[in-house]
Amino acid sequence: MPHARVNDFTIRVATVNGSGSQSSNLVLSNAIYRLGIPVAPKNVFPSNIEGLPTWFDVRVTAKGYQCRARDVDVLVALNAATWREDVATVRPGGIVVHESAYPLDAQTHRDDVTYFAVPFAEMGKKHFANGDLRKYLVNMIYVGVLGELVGLDDATIEAAVNTQFRSKPAAVETNMQAVRIGIEYAREHLAKQDAFRLEPMRGKTDGTLFMDGNRAAALGCIMGGCTVAAWYPITPSSSLCESFIAFAERYRVDAKTGEKNVAVVQAEDELAAAGMVFGAGWAGARAMTSTSGPGLSLMAEYAGFGYYAEIPGVIFDVQRAGPSTGLPTRTMQGDVAFAYTLSHGDTKHVVLLPATVEEAYAFAMEAFDLAERFQTPVFVLSDLDLGMNAWMSTPLPYPEKPFDRGKVLSAEDLAKLESWGRYRDVDGDGIPYRTLPGTNHERAGFFTRGTGHDEQARYSENPQTWQHGLERLVRKHDTARTRVPQPVADDAGRTVGLIAYGTTHHAVVEARDILHDDGFDVDYLRVRALPLSSGVASFIERHDRVYVVEQNRDGQLYGILRTELPANLVSRVHSIRHYNGVPIDAYAVAQPLLAAERQPA
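Residues numbered from 1 in each chain as written. Predicted model: local features only at pLDDT ≥ 70, side-chain atom pairs only at ≥ 80, totals over all residues. Heavy atoms only, no water.

1. What about the pairing of strand β6 (residues 90-99)?
Link 1 in the chain: Here β6 lies mainly inside the structure; 7 of its 10 residues are buried.
Link 2 in the chain: Across 5 bridges, the pairing between strand β5 (residues 72-77) and β6 is parallel. Bridge assignment links V76 to a residue of β6, and that residue is V97.
Link 3 in the chain: Once the chain exits β5 it traverses helix α2 (residues 83-88) before rejoining the sheet at β6, and the crossover so formed is right-handed.
Link 4 in the chain: Alignment of β6 against strand β7 (residues 114-118), held across 5 bridges, turns out to be parallel. For H98, the partnering residue across the bridge sits in β7 and is A117. (Buried < 20%, exposed > 50% of the residue type's maximum accessible area, 1.4 Å probe, protein only. Helix = DSSP H or I, 4+ residues; strand = E, 2+ residues; numbered from the N terminus. Pairing = 2+ DSSP bridges. Right-handed = clockwise from strand over helix to strand, strands pointing away.)

2. So, unusual backbone geometry
Glycine aside, negative phi is the norm for most residues, and most peptide bonds take the trans geometry.
Link 1 in the chain: Here the residue pair G322 and P323 is connected by a cis peptide bond, since its omega of 10 degrees sits within 30 degrees of zero.
Link 2 in the chain: With an omega of 5 degrees, the peptide bond running from L530 to P531 counts as cis.
Link 3 in the chain: The topology assignment puts P531 in the loop between β20 (529-530) and α18 (534-541).
Link 4 in the chain: At N7, a residue that is not glycine, the phi angle is positive and equals roughly 55 degrees.
Link 5 in the chain: Mapped onto the elements of the fold, N7 is located in the loop between β1 (5-6) and β2 (8-16).
Link 6 in the chain: N7 gets classed as buried once you look at its relative accessible area, which sits at 5%.
Link 7 in the chain: The phi angle at E310 is positive, at roughly 65 degrees, despite the residue not being glycine.
Link 8 in the chain: Inspection of the secondary structure puts E310 in the loop between α11 (300-309) and β13 (313-319).

3. Some words on the state of the cysteines
Link 1 in the chain: Applying the stated criterion across every chain yields a total of 0 disulfides.
Link 2 in the chain: Here C221 stays unpaired: no disulfide links it, and the sulfur of C226, its closest cysteine neighbor, is 5.3 Å away.
Link 3 in the chain: For C221, a relative accessible area of 0% puts it in the buried group.
Link 4 in the chain: Relative accessible area serves as the criterion here: at 0%, C226 is assigned to the buried category. (Disulfide = S-S within 2.5 Å.)

4. As for the side chain of N30
Link 1 in the chain: Mapped onto the secondary structure, N30 falls in helix α1 (residues 21-34).
Link 2 in the chain: Exposure remark for N30: the relative accessible area of 13% places this residue in the buried category.

5. Looking at helix α17 (residues 504-517)
Link 1 in the chain: Compared with the 20 Å implied by 1.5 Å per residue over 14 residues, the 20 Å span of α17 between its first and last C-alpha is a close match.
Link 2 in the chain: Across the 14 residues that make up α17, a large majority, 10, are buried.
Link 3 in the chain: The complete set of buried residues in α17 reads T504, H505, H506, A507, V508, E510, A511, R512, I514 and L515.
Link 4 in the chain: Just downstream of α17 lies G519, where phi reads positive at about 80 degrees. (Expected span 1.5 Å × (residues − 1).)

6. Observations regarding helix α20 (residues 587-597)
Link 1 in the chain: Within α20, the full set of buried residues consists of A588, V589, A590, L593, L594 and E597.
Link 2 in the chain: For α20, the secondary structure elements touched by its buried residues are β18 (496-501), α17, β21 (545-550) and β22 (573-577). (Contact = heavy atoms within 4.5 Å.)

7. Some remarks on the pattern of salt bridges
Link 1 in the chain: For the coordinates displayed, the defined rule picks out 42 salt bridges.
Link 2 in the chain: In this structure, R84 and D105 form a salt bridge, with 2.7 Å as the shortest nitrogen-oxygen distance. Of this pair, R84 sits in helix α2 while D105 sits in the loop between β6 and β7, and the two are 21 residues apart along the sequence.
Link 3 in the chain: Since its relative accessible area comes to 34%, R84 is described here as partly exposed.
Link 4 in the chain: A relative accessible area of 26% places D105 in the partly exposed class.
Link 5 in the chain: Its salt-bridge partner being K260, residue E249 comes within 3.0 Å of it at the nearest N-O pair. Residue E249 is found in helix α8 (residues 238-251), and its partner K260 is found in the loop between α8 and β11 (263-266); the two are separated by 11 residues along the sequence.
Link 6 in the chain: Sharing partners across several salt bridges, the network here consists of R286, E366, D369, E372, K401, R405 and R434. (Salt bridge = Lys/Arg side-chain N within 4 Å of Asp/Glu carboxyl O.)

8. Observations concerning the sheet that holds strand β19 (residues 523-527)
Link 1 in the chain: The 5 strands are arranged β17-β19-β18-β21-β22 in an open sheet whose pairing can be described as mixed. Among the strands making up the open sheet, the edge pair consists of β17 (488-490) and β22. Neighbour-to-neighbour, the strand axes of this sheet turn through a mean angle of 20 degrees, independent of strand direction.
Link 2 in the chain: Taken together, the 5 bridges between β18 and β19 define a ladder with parallel strand orientation. Counted as the bridge partner of I499 is L525 from β19.
Link 3 in the chain: Here helix α19 (residues 556-564) sits on the sheet and contacts β18, β19, β21 and β22; the angle it forms with β21, its principal contact strand, is near 140 degrees. (Axes fitted to C-alpha atoms, helices over the stretch in contact; angles between N-to-C directions.)

9. Digging into the nonpolar core
Link 1 in the chain: Membership of the largest hydrophobic core comes to 51 residues, with the highest contact counts inside it found for I11, I32, V97, F120, V145 and L198.
Link 2 in the chain: Element by element, the count of residues in this core is highest for helix α4 (residues 131-150), at 10 residues.
Link 3 in the chain: Those residues in contact with V145 that lie beyond four places of it in its chain are V97, V118, F120, G182, I183, A186 and L190.
Link 4 in the chain: Among the nonpolar cores identified, the runner-up in size contains 41 residues, and A216, Y361, A371 and L396 belong to it. (Core = buried A, V, L, I, M, F, W, Y, C linked by side-chain atoms within 4.5 Å.)

10. Notes on the sheet that holds β6
Link 1 in the chain: Across the sheet, which stays open at both edges, the 6 strands sit in the order β3-β4-β2-β5-β6-β7 with mixed pairing between neighbours. Whereas interior strands pair on both sides, the edge strands pair on one side only; in this sheet they are β3 (39-44) and β7. Neighbour-to-neighbour, the strand axes of the sheet open up by a mean angle of 15 degrees, direction not taken into account.
Link 2 in the chain: The sheet contacts of α1 involve β2, β3 and β4 (53-61), and relative to β4 the element is tilted by about 0 degrees.

Just distances and angles here, no functional claims.
Set out below in structure tokens:
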């Protein structure tokens, strides 16, 4: 028996889209989690509805790492079309649980892995007469087989099945029947001869929960006072608004009358959805939409209008791989530069960059405060990895601070003023005052203009007036630097630093441990918003070299830094990029950094 690998390996399930494997893989993840062992599930699936290859990784990690692992230790092979390629991904010493009908020939037989042949299709036909149901239940058979091989007890699996099918209790027993078939087969026919096993842990998952980022963001919208959602479905953002609708059905209903206190509109396209958001924002509602890259491009005109007319609105962009329609079901951080300047002129937006489920929730709430405080569009840039995959998370706290509605003049305020201008900077922070439609005062109404206007919102094409207005918007943007979520730094005065944002953070956490084991320690700063705070330049100034790690081809944050940094700091900044569409792993950070640092001078 090889040296034991306890609570430290990655399981990959290779199957086809539309086979129902998502449910079985989530059961597997949840069962391991119930043993107190941290897990990091990652789904890599095709954009068609059914038939193409799909892979689901369940990383078991006693250290709690949440990024994707590069190596595969345990393969469950249930796709004949990718059988040969899938076997090649297993690292030496691993195991392959496979459909027994698949051939072990010169291309698939390896002496350095252990094979467990299981007649999944035959067992499915024997035990389940319903052909449509059978393909789903075969997946639950492999949960039983795998559970028996790695040490998942029956009761834990059953608890996970109950959780997965809590909305369909009638399905629990049928699925458990399939699990038991797998367990019994493994006990009777498969002799344990590999290194991989699970052992219960204590303290690692206590007080945590499993949640995806889209659902967390939707709950943040509810808690943040959102009452209007206008959207058009697009992967991978659709579940955000779908979750918002579900939450609103529970929490946006008057307890006495049953009346819904929310407006949700599925628009004809993303352009219309953005228009509805800014219309609602002008009227005083907290409004949002969710989209991905192609939808974001359609919102460019309204983004510029919201910026220049100074109307609050929140846009969630759950990023996917582009350009064009790209890879709809792959992850990327490719919209950062686009969202930051989205429009057709001199425009810079507030952009929030959550890295965790907790931040997806908290930044959703914060986005509405910032949008109203600064009277501007606010973009929350998640990605498919955070949005659609399940993550371990600390509980989401109930908000305690009141909403920040910003500079809103009431009727009483207006009665005390001799005059006011909708676009006048009174306080020197670039932020004007506004009124809400319906305010009971004769001077409460105002024009809102996306064309040239003066401080009174009167139409103007005067060059000095135009320039003055744009300069005030720059002051407002600079004020926002101090109010957006600030960077998080682990700075011990080392020579080399790392900068990252969003889900890249999780790969950096593990990469720093890899680098430490190799005798190379680095400092780390995580950017959480644009515009960049002064702390970013300070961090770079304290280090000889800083590597900016991100998931896009062109190094978009790297480019923003080079544009906005003082000239004397630009040469210190270098770029590490990952852009193949699957979530970044730790070695994609550690290896290029070490190669750069150890190359001859």
